[in-house]
Amino acid sequence: MKFGVLALDYDGTIARDGVLDSDVRAAIAEVRAKGIVVVIVTGRILSELNRILGDLNFVDGIVAENGAVIAFPSGHSRVLGSAPPFGFLQELQRRSIPFSVGQCVIELDAGSALQVLDVIRNLELPLVLLFNRGRLMVLPQAISKSTGLREALTTLRLSAHNAIAIGDAENDHDLLAICEIGVAVSWGSPALQRVADHLISGDGPEAVAKYIRRAADQIRLEPERIGRH
């Protein structure tokens, strides 16, 4: 494997309380200078991420809304899923279930899952539920972080076989699975840690920054050797 793509989850992996870690930002700049393409793959709504981070040009691409929306520094963007059904949103409001909505995703508190599932079943909608720690995302069928990343890499003419993915939560399983090396963080989901190729030990994004730099320095090593030093 030649390491050419870095796919990073955002919240809980490279950000604390929504704020991007400054050392991770510096590490991203360093590996991009070496020719490695960096893509953020997140459940967040794109406009929300833009508001938090401001200029998104410090990476080569964004996969937002858990794979439903992809965007590039050029301004080019694509929506891969359908808009939330109006009747579904009306019913959530009728039941006084708080939510936020993006171009495709509806985000809610995980505690509302049973009510949301009841709405989907009653309306017979082609929607799926996905948990992300204490949050719940409702998405069109066949939308995931892996499908969004695959589309982004196709646009960039790159392959997931040259990619390392780093994540922390339930919605990162397919992201790690699609990439040549899937990495979990020790402060995240134990289930994700069990299926990851590598584990980043530590207690926050600073450990991720160290791993990124180490992986870039060992760019020509075989996958099983990266991260073992």
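These remarks concern the structure in this document. Quantities reported herein were computed from a predicted structural model and do not represent experimental measurements.

### Some details on the overall build of the protein chain
Link 1 in the chain: Helix and strand content of the protein chain: 8 helices and 14 strands.
Link 2 in the chain: What you see for the protein chain is a C-alpha radius of gyration of 17 Å, in line with the 17 Å of a compact globule of 229 residues.
Link 3 in the chain: If you line up the protein chain on its principal axes, its C-alpha atoms span 55 × 35 × 30 Å.
Link 4 in the chain: Taking all 229 residues of the protein chain together, 52% fall into the buried category.
Link 5 in the chain: If you take every contact in the protein chain between residues at least 6 apart in sequence, the share linking residues at least 24 apart comes to 54%.
Link 6 in the chain: Taken as two groups, the 23 positive and 27 negative side-chain charges of the protein chain have centres that lie 3 Å from each other.

### What about the pairing of strand β13 (residues 181-185)?
Link 1 in the chain: In terms of burial, β13 is a largely internal element, 5 of the 5 residues being buried.
Link 2 in the chain: Examined bridge by bridge, strand β12 (residues 163-167) and β13 share 4 bridges and lie parallel to one another. Residue pairing in the sheet places Ile164 in a bridge with Ile181 of β13.
Link 3 in the chain: Following the chain from β12 across helix α6 (residues 173-178) to the adjacent parallel β13, one finds a crossover that is right-handed.
Link 4 in the chain: Bridge analysis of β13 against strand β14 (residues 198-200) gives 3 bridges, and the strand direction is parallel. Residue pairing in the sheet places Ala184 in a bridge with Leu199 of β14.
Link 5 in the chain: Crossover β13 to β14 through helix α7 (residues 190-195) is right-handed.

### Digging into the layout of surface pockets
Link 1 in the chain: In this structure, the largest pocket encloses a volume near 410 Å³.
Link 2 in the chain: In terms of lining, the largest pocket is formed by 22 residues, of which the most central are Asp11, Gly12, Arg44, Asn132 and Arg135.
Link 3 in the chain: Classifying every residue of the lining of the largest pocket gives 5 nonpolar, 6 polar and 11 charged.

### So, the packing of aromatic side chains
Link 1 in the chain: The final tally for this structure, using the stated rule, is 0 aromatic pairs.
Link 2 in the chain: The ring of Phe58 carries Arg25 above its face, with NZ or CZ at 4.4 Å from the centroid.

### Observations regarding the packing of helix α1 (residues 22-33) against helix α8 (residues 205-217)
Link 1 in the chain: One can describe the packing of α1 onto α8 by two numbers: an axis separation of 8 Å at closest approach and a directional angle of 15 degrees. By the angle class used here, α1 and α8 are roughly parallel. Crossing of α1 over α8 shows left-handed handedness. The segment α1 lies against α8, with Asp23, Val24, Ala26, Ala27, Glu30 and Val31 engaging Pro205, Glu206, Ala209, Ile212, Arg213 and Ala216.
Link 2 in the chain: Tallied by class, residues from the contact of α1 with α8 come to 8 nonpolar, no polar and 4 charged.

### Regarding unusual backbone geometry
Link 1 in the chain: With a phi angle near 60 degrees, Asn66 is a residue other than glycine that sits in the positive phi range.
Link 2 in the chain: By relative accessible area, which is 0% here, Asn66 ends up buried.
Link 3 in the chain: Positive phi, close to 55 degrees, is recorded for Glu124, a residue that is not glycine.
Link 4 in the chain: Within the element layout of this structure, Glu124 appears in the loop between α4 (113-123) and β10 (127-132).

About the thresholds
- Residues numbered from 1 in each chain as written.
- Predicted model: local features only at pLDDT ≥ 70, side-chain atom pairs only at ≥ 80, totals over all residues.
- Heavy atoms only, no water.
- Helix = DSSP H or I, 4+ residues; strand = E, 2+ residues; numbered from the N terminus.
- Rg over C-alpha atoms; globule rule 2.2 N^0.38 Å.
- Buried < 20%, exposed > 50% of the residue type's maximum accessible area, 1.4 Å probe, protein only.
- Contact = heavy atoms within 4.5 Å.
- Lys, Arg positive; Asp, Glu negative; His and termini not counted.
- Charge placed at Lys NZ, Arg CZ, Asp CG, Glu CD.
- Pairing = 2+ DSSP bridges.
- Right-handed = clockwise from strand over helix to strand, strands pointing away.
- 1 Å grid on protein atoms, 1.4 Å probe; cavity = no way out; pocket = protein on both sides within 12 Å on 5 of 7 lines; lining within 4 Å.
- Points joined across faces, edges and corners; volume = space filled by probe spheres on them.
- Nonpolar A, V, L, I, M, F, W, Y, C, P; charged D, E, K, R; others polar.
- Phe/Tyr/Trp six-rings, centres within 6.5 Å; stacked < 30°, edge-to-face > 60°.
- Lys NZ or Arg CZ within 6 Å of the ring centre and 35° of its normal.
- Axes fitted to C-alpha atoms, helices over the stretch in contact; angles between N-to-C directions.
- Parallel < 35°, antiparallel > 145°, perpendicular 65-115°, else oblique.
- Left-handed = near helix turned anticlockwise from the far one by under 90°.

Worth remembering: the numbers are spatial, not functional.
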